[in-house]
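Per-entry structural report
Here is how the chains run, residue by residue.
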Amino acid sequence: MPSHPAPKLDPKERHFDIPGPRAGMSLFLRHLPPSAAPLGRAVIYVHGATFPSALSIAHRFSGRSWRDELCAAGFDVWEFDFYGFGHSARYPEMSQEPTGHPPLCTAADAGGQLEAVVDFVLSQQAAVSLSLISHSWGSMPAGLVASKHPRRIDNWVLFGPIAKRAKRRYESPPSFPSWRAVSIEDQWRRFIEDVPADEPPVLLRSEFDVWAASYLDSDPDSRTHGPASVKTPTGPVSEIIGAWHGNLAYDPGAVKAPVSIIRGAWDGLIPDEDAKWLFDAFGQSPAKRDIKISHGTHLMHLEKTRSALWRHSVACLLGG
């Protein structure tokens with residue numbers, strides 16, 4: 001069953017709750033049809049480690065979102081929430097103490113969830129393939145699906161993806177609980193930490209406060225905690241740290257779709273050397289791009305330079 005009822009973010013939006021790979025646990029999907037001449041092409045957004053799709057591709061600034069940009073280009077846009085996020089089912093372990101279980105929502109688990117979503121979307125669209133847009137850690141389950149089902153994924157845009165770094169000698173990655181509580185101030189620090197001290201803010205606090213209210217709404221129990229915070233599975237952050245210790249959750253060399261890496265110039269999670277490694281690692285991809293956008297961080301899709309990211313993603317999906 002879904003975790004809690006989801007409001008419509010657009011009058012034309014359709015909602016679906018579909019079975020996932022775990023018995024009794026459903027996955028929540030949103031679909032927005034094209035607002036311009038339809039291309040007959042679907043794209044699925046795969047969210048990152050700390051907040052669900054409604055707060056990412058579907059969040060509107062001054063009445064417009066990344067999803068709106070894609071719909072205006074003729075795409076059918078689908079987004080979903082992994083287990084433990086947004087309006088999808090919560091892991092039973094999230095109602096227990098976090099120290100008694102391993103990290104939840106690992107890439108292997110999430111990849112199975114994404115497979116279920118891909119199957120459903122292809123059946124709804126009567127299509128044989130679709131495109132993916134992933135953010136950050138979302139590149140890991142997306143990479144697992146793209147390499148396992150090459151005929152189903154025709155294009156893949158990786159926004160701020162995580163790359164593998166050299167294994168650290170004499171050092172093991174830290175251990176993590178099953179879930180953690182992420183507060184509004186935790187998120188705010190993420191928005192400002194990579195902006196150079198002599199540069200103006202990339203997101204106004206007033207805009208963030210609107211986003212933050214919706215962020216707390218994504219967990220019905222968030223305001224019962226002190227401070228108010230959202231329970232979040234730790235599988236994603238544990239695998240980001242694991243990749244920086246030499247263990248990436250998928251093999252980029254097994255991906256056969258065109259790929260486009262898009263990143264902000266101030267994105268501390270994928271510096272130039274990481275992007276170069278990842279670009280080179282996509283050895284079987286027939287077309288590759290690495291696009292760096294100025295004045296953007298790891299959360300550029302919600303920042304002042306967001307429209308540049310949106311436009312580049314459309315161009316990459318169209319092949320232009």
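In what follows, the accompanying structure is described. From a predicted model like this one, the values you see are computed outputs, not experimental measurements.

In sheet architecture, strand pairing relies on hydrogen bonds along the backbone and comes in two forms, parallel and antiparallel. Ordered in space as S1-S2-S4-S3-S5-S6-S9-S10, the 8 strands form an open sheet in which the pairing is mixed. The open sheet has two edge strands, strand S1 (14–19) and strand S10 (288–293), and neither has a second partner. Averaged over all adjacent pairs, the angle separating strand axes in this sheet is 20°, with direction ignored. Across 6 bridges, the pairing between S1 and strand S2 (residues 26–32) is antiparallel. Following the sheet pairing, phenylalanine 16 is matched in S2 by leucine 29. In the packing of helix H8 (residues 306–318) onto the sheet, the strands contacted are strand S3 (41–46), strand S4 (75–81), strand S5 (130–135), strand S6 (153–159), strand S9 (259–264) and S10, and the crossing angle to S10 comes to about 170°.

Strand S8 (residues 229–233) sits mainly inside the fold: 4 of its 5 residues count as buried. Pairing between strand S7 (residues 179–183) and S8: 5 bridges, direction antiparallel. Bridging from a neighbouring strand, tryptophan 179 pairs with proline 233 of S8.

So, about unusual backbone geometry. The general pattern is negative phi for most residues beyond glycine and trans for most peptide bonds. Cis geometry is adopted by the peptide bond preceding proline 227, which originates at glycine 226 and carries an omega value of -5°. Turning to its location among the elements, proline 227 is positioned in the loop between helix H5 (205–217) and S8. In this model, cysteine 105 sits at a positive phi of 65°, which is unusual for a non-glycine residue. Secondary-structure assignment places cysteine 105 in the loop between S4 and helix H2 (107–125).

All of the buried residues along helix H4 (residues 184–192) are Gln187, Trp188 and Phe191. Relative to the axis of H4, the buried residues are bounded by an arc of 100° and lie together on one face. Contact partners of the buried residues in H4: S7 and H5.

Turning our eyes to something else, we now look at helix H7 (residues 272–281). All of the buried residues in H7 are Asp274, Ala275, Leu278 and Ala281. Angularly, the buried residues of H7 cover 130° about the axis, an arc narrow enough to put them on a single face. For H7, the exposed residues lying more than 90 degrees away from the buried face are Glu273 and Lys276. Residues of H7 that are buried sit in contact with S6, S9 and S10.

Parameters and conventions
Residues numbered from 1 in each chain as written. Predicted model: local features only at pLDDT ≥ 70, side-chain atom pairs only at ≥ 80, totals over all residues. Heavy atoms only, no water. Pairing = 2+ DSSP bridges. Helix = DSSP H or I, 4+ residues; strand = E, 2+ residues; numbered from the N terminus. Axes fitted to C-alpha atoms, helices over the stretch in contact; angles between N-to-C directions. Contact = heavy atoms within 4.5 Å. Buried < 20%, exposed > 50% of the residue type's maximum accessible area, 1.4 Å probe, protein only. Arc of directions from axis to C-beta.

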